[in-house]
Amino acid sequence: MWRKATNLVVEAPAAPAAPASTPAAWRKTRRQGQAGATPTATATATISRTRMSTAQGLSITWSQLEVVVAVAMLLNCLVCQAARRAPPEPYYGRYIGDFTNFAHGIKGHIYAVDESTMFVKSFAYDGTGPDAFFWVGKTPRPSPDGYIIPYPEEYTGVDPPILQAHNKTDIILRLPMGKRIKDIRWLSVWCRRFTVDFGEVFIPPNLDIPKPRVLPEFKRLAHGLRSSNISVLDAKTFYIPNLHYDGAGPDAYFWVGNGSEPNIMGIKVPNEVGSLEPLRGYQGEDIEIQLPGSLTVYDIDWLAVWCVEYRHNFGHVYIPRDMDVPPALGQTKITTTTTPRPVYSNCREILPNKLQVKWELQGEYLQIELFGRITEDQYMAFGLSGANGRAQMSQSDVVVAFYDTNARVFRAEDYFISDLSQCDGQRGACPDERIGARNDVHVLSGDRKNGVTSIRYKRLLQTNEVIYDSAIPIDREVSVIAAIGPLNARKEANAHSHTASDHNQEDIRINFSARNDHSCKSSLYEVKDESGPRPWPTRKIEGVRKFRASIGPTGGKRGYTAITGVPSWGIAWYVNDLLIPEITVERGLNYEFTIEGGSDPAQPARYHPFYITDSPEGGLGQKMGLEARKQKAYAGVEYDEDGNAIPTAAGRYCEWEHLTVDRSAEIETFEEYVKTLAFKCEDGEPGYLNWTVPMNAPDQLYYQCFTHNNLGWKINVVDMGASGGSVGSRGLVVYIISTVFGLVATRLLRTGHVLA
């Protein structure tokens, strides 16, 4: 009933729509709707009095009349309430302006969706520019001194794709590298090759951009329901951190509606995985949920956990009436700390201790996850054999999966192997896309830890490419092949070794429709890797109060990845000339860091502000929303009035550079490896960070780079006096007393006094 009332407001001609760019206008509309409630209520009362004066001639009782009047007043209240709450539809965010066209028919209306996202309504471009991109910068006018906003956001390859033709396309643009709209002055369609501006729009100064809204936690009423502060991320999305609920309610759901308290006139909201099943139990999990259909936060008064069967409210939070949150245009990705990895009933170990394959049939798709003990310069391949009944590479249809160290993404590429030769663009072991076909493989996720790379992907059982793709049968067994080998400079598969550990020599058959085909005896994570060079031991620093942090190489297979178990970015922090040492600090003591990781944000490859966090990954500056809230900064970061993280510990750029090439693989010790490096610094002053360790600091923290992931390592936090080499509280007192006594004695001797 209350949703119908809301629709009445949207369609009512008496309420003119304000421009989407002016929040004050729709707030004023709300007030006008509120003021307009009195005449309507008076009219209702007049009608009621007229009916009462003629009640004797009607077959209606006083109690029935009271119900009719109450319902009419409720409908009127909801109409007025909706009129003063909802922004005008359609709502795209804060209006920035329209593109000014200079060439190639550039058109579009641009809106600020949130602090890092823009929406281009009805974008038009003829697509004939040779090297055109969406381009932003902070110079007075569009110029080569800018950077690309990749579109589409997800792409394969090292470089973003060139902008294609569009005719009234709605486009979401997300600024890269943690950049925000307030950091730029214009958006352009720019030809990089000829440095030509095809069309531009300028960002108005002091633009009031919609922002997420933080609400209180759930009110705690029953079944142990509680949470931390809930956030409204956009007009349809709630972020509920640290959610606790015992799961004992027989018919409980996320529930939204109108009124002063949660009631039966509500609507179910799907849980974090989109299900409308009764809620399970939660134990401190962070989740996001989205309102169903066309419902938005402007249509509701509260969010609750409600038991439908017993009409009981377990807890709720109220929705304010003065919100100005981002529109829901699909820019908010639903994430959860508890999204489970798929549980596969099928697993085969194709290459002993090297490669495992897990799979599951999902309708017309086959979902596969490969687990391989491979290095960063290797691939793992799996697919259908070129001949049924034996393992044959020629004429086979395989997927080559690997971690792209250049683009820093996990990739799975559709390959057709026509011949046992390197791909020449027509024949050989070629990616389908390189020979004019299509990559029919969709990467779902990837991970790399403890020497094991896992990549999950899916592919249609039957594609539309008869020449390069083989249909995957589900009514019988089929011969499969697998291999591990090196990647070439193009990030394509090179020939593998012809040993039993690098490819299957015997015929292996799988029925992909089978269930419980599980012959994997153990996880590859449990396999001890005895190949390759021996890693360097982790260096440790204790009892030191001053540190110098600069940049250097990761030490190949012996260094960063071997120490941390995660892929390196190619560079890492060197602290006191040691590669990512573990640092031990004491609570309550002060420590001084000299920072030499770069101070120019315009050179992202040489801009590494230093900060201390509880995140083993770091990179706070490139994280938004839920990801940013997952970590806490303890030093090196300040927050502006909008809650944006600002790095404070940045200085000149100093780096340990290779004298020739990386020789880490052939050098047994880190001390000898350092001799192959040269320390070089750019002009400028270093940055400084003074940090007093909080008394409530956790036992494990990390020093990291603000702008990039995985550059630092552990800080072990102990109580005062507990670290090796520390003076300790008692020793510190003795030290102070002896120092003072020595100074007094020296002064007396200088003035001629003699101690008796």
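So, how was this worked out
- Residues numbered from 1 in each chain as written.
- Predicted model: local features only at pLDDT ≥ 70, side-chain atom pairs only at ≥ 80, totals over all residues.
- Heavy atoms only, no water.
- Phe/Tyr/Trp six-rings, centres within 6.5 Å; stacked < 30°, edge-to-face > 60°.
- Helix = DSSP H or I, 4+ residues; strand = E, 2+ residues; numbered from the N terminus.
- Buried < 20%, exposed > 50% of the residue type's maximum accessible area, 1.4 Å probe, protein only.
- Lys NZ or Arg CZ within 6 Å of the ring centre and 35° of its normal.
- Pairing = 2+ DSSP bridges.
- pLDDT = per-residue confidence, 0-100.
- Contact = heavy atoms within 4.5 Å.
- Disulfide = S-S within 2.5 Å.
- Salt bridge = Lys/Arg side-chain N within 4 Å of Asp/Glu carboxyl O.
- Core = buried A, V, L, I, M, F, W, Y, C linked by side-chain atoms within 4.5 Å.
- Axes fitted to C-alpha atoms, helices over the stretch in contact; angles between N-to-C directions.
- Lys, Arg positive; Asp, Glu negative; His and termini not counted.
- Polar contact = N/O pair within 3.5 Å; in protein donor to acceptor, adjacent residues only side chain to side chain.
- 1 Å grid on protein atoms, 1.4 Å probe; cavity = no way out; pocket = protein on both sides within 12 Å on 5 of 7 lines; lining within 4 Å.
- Points joined across faces, edges and corners; volume = space filled by probe spheres on them.
- Nonpolar A, V, L, I, M, F, W, Y, C, P; charged D, E, K, R; others polar.

### A look at the packing of aromatic side chains
The final tally for this structure, using the stated rule, is 27 aromatic pairs. Measuring from ring centre to ring centre gives 5.7 Å for Trp-536 and Phe-670, while their planes differ by 70 degrees; the resulting arrangement is edge-to-face. Linking Trp-536 in the loop between strand E28 (508-510) and strand E29 (540-541) with Phe-670 in helix H7 (residues 670-674), this pair joins segments that are 134 residues apart in sequence. Residue Trp-536 is classed as buried on the basis of its relative accessible area of 4%. Seen from their ring centres, Tyr-574 and Phe-670 are 6.2 Å apart, and the 45 degrees between their planes marks the pair as tilted. Residue Tyr-574 is found in strand E31 (residues 571-575), and its partner Phe-670 is found in helix H7; the two are separated by 96 residues along the sequence. The two residues Tyr-574 and Phe-670 agree in class, both being buried. Three or more aromatic residues joined by ring pairs form one cluster here, namely Trp-536, Tyr-574, Trp-656, Phe-670, Tyr-673 and Phe-679. Here Lys-358 stacks its cationic end above the ring of Phe-371, 4.9 Å away from the centre of that ring. Sitting over the ring of Tyr-591, Arg-545 keeps its end group 5.6 Å from the ring centre.

### A word on the environment of Thr-660
On the secondary structure map, Thr-660 appears in the loop between strand E39 (654-658) and H7. As a C-alpha pair, Thr-660 and Leu-677 span 17 residues in sequence and 8.4 Å in three-dimensional space.

### Quick look at the environment of Ile-287
Mapping Ile-287 onto the fold places it in strand E15 (residues 282-290). Each C-alpha atom of the pair Ile-287 and Asn-271 lies 8.6 Å from the other, and the pair is 16 residues apart in sequence.

### Quick look at the sheet that holds strand E10 (residues 213-214)
A sheet is described by the order of its strands in space; here four strands give the open sequence E10-E11-E12-E15, paired in antiparallel fashion. Strands at the two margins of the open sheet, each flanked by one partner only, are E10 and E15. Note that strand E11 (residues 231-232) and strand E12 (residues 237-245) share two bridges and pair antiparallel. From the neighbouring strand, Ser-231 faces E12, where its bridge partner is Tyr-239.

### Observations concerning the confidence of the model for the chain
Confidence in the prediction for the chain averages 82 pLDDT; 81% of positions are at 70 or higher. Between residues 76-84, whose pLDDT stays under 50, and residues either more than four places distant or in other chains, the model counts 24 contacts. Low pLDDT, under 50, characterises residues 727-735; the predicted model gives this stretch two contacts beyond four residues in sequence or across chains.

### Describing the state of the cysteines
By the definition in use, this model includes three disulfides. Note that Cys-347 is cross-linked by a disulfide to Cys-520, the S-S spacing being 1.9 Å. Sign of the S-S torsion, about -85 degrees for the bond between Cys-347 and Cys-520, identifies this disulfide as left-handed. Of this pair, Cys-347 sits in strand E18 (residues 346-351) while Cys-520 is found in the loop between E28 and E29, placing the two residues 173 residues apart along the sequence. What makes Cys-520 buried here is its relative accessible area of 11%. The partner cysteine of Cys-423 in its disulfide is Cys-430, sulfur to sulfur 2.1 Å. The S-S bond linking Cys-423 to Cys-430 shows a torsion near 105 degrees; that makes this disulfide right-handed. Relative accessible area serves as the criterion here: at 8%, Cys-423 is assigned to the buried category. The class of Cys-430 is buried, set by a relative accessible area of 1%.

### Brief notes about the pattern of salt bridges
Under the counting rule described, the total for this entry stands at 35 salt bridges. Notably, a salt bridge pairs Arg-280 with Glu-272, separated by 2.9 Å at the nearest N-O pair. Note on Glu-272: relative accessible area 8%, which makes it buried. A salt bridge links Lys-354 to Asp-502, with the nearest nitrogen and oxygen atoms 4.0 Å apart. Taken as a pair, Lys-354 in the loop between E18 and strand E19 (355-362) and Asp-502 in the loop between strand E27 (478-486) and E28 lie far apart in primary sequence, 148 residues in all. The exposure class of Lys-354 is partly exposed, given its relative accessible area of 24%.

### Looking at the nonpolar core
Ranked by internal contacts, the top residues of the largest apolar core, which has 42 residues, are Trp-573, Phe-593, Phe-610, Ile-612, Trp-691 and Tyr-703. Broken down by element, the residue count for this core peaks at five residues, all from E31. Those residues in contact with Ile-612, other than ones at most four positions away along the chain, are Phe-593, Lys-632, Ala-633, Tyr-634, Ala-635, Leu-689, Trp-691, Leu-701, Tyr-702 and Ile-715. One finds Leu-225, Ile-240, Cys-307 and Met-323 within the second-largest nonpolar core, a separate group that totals 33 residues.

### A word on the sheet that holds E18
Note on sheets: strands pair through backbone hydrogen bonds, and any given pair is parallel or antiparallel. Pairing is antiparallel across the open sheet formed by five strands, whose spatial order is E18-E19-E20-E26-E25. Taken across any chain shown, the strands that pair with only one partner, and hence form the sheet edges, are E18 and strand E25 (441-449). The average undirected angle you get between the axes of adjacent strands in this sheet is 20 degrees. Looking at chain direction, E25 and strand E26 (residues 452-460) are connected through eight bridges and run antiparallel. Considered in E26, the bridge of Val-441 is made with Arg-459.

### Some thoughts on the side chain of Asp-197
You can see Asp-197 is positioned in strand E9 (residues 196-202). As a buried residue without a salt bridge, Asp-197 has its nearest oppositely charged side chain in Arg-141, at a separation of 5.4 Å. A distance of 2.7 Å separates the side chain of Asp-197 from the side chain of Ser-188, its partner in a polar contact. Setting aside its immediate chain neighbours within four residues, Asp-197 contacts Phe-102, Pro-142, Ser-188, Val-189 and Trp-190.

### Let's talk about empty space enclosed by the protein
Per the counting criterion, the structure on display carries four cavities of 30 Å³ or more. In this structure, the largest cavity spans a volume of roughly 150 Å³. In terms of lining residues, the largest cavity is bounded by 13 residues, among which Ile-368, Gly-383, Val-399, Arg-459 and Ile-472 are the most central. Looking at the lining of the largest cavity, the elements that each hand over two or more residues are strand E20 (365-372), strand E21 (378-384), strand E22 (396-404) and E26. Counted by class, the lining of the largest cavity contains nine nonpolar, one polar and three charged residues.

### Focus: the pairing of E21
Counting buried positions along E21 yields six of seven residues, so the element is predominantly enclosed. With seven bridges connecting them, E21 and E27 associate as antiparallel partners. Bridge assignment links Leu-384 to a residue of E27, and that residue is Val-480. Across five bridges, E21 lies against E22 in antiparallel orientation. Considered in E22, the bridge of Met-380 is made with Ala-401.

### Some remarks on unusual backbone geometry
Note that the residue after Tyr-151, namely Pro-152, is joined by a cis bond; omega there is 0 degrees. Phi at Asn-206 is positive, roughly 55 degrees, even though this residue is not glycine. Phi angles above zero are rare outside glycine, and Asn-576 is one such case at about 50 degrees. Locating Asn-576 in the fold gives a position in the loop between E31 and strand E32 (578-579). Under the relative-accessibility criterion, Asn-576 is labelled partly exposed at 28%.

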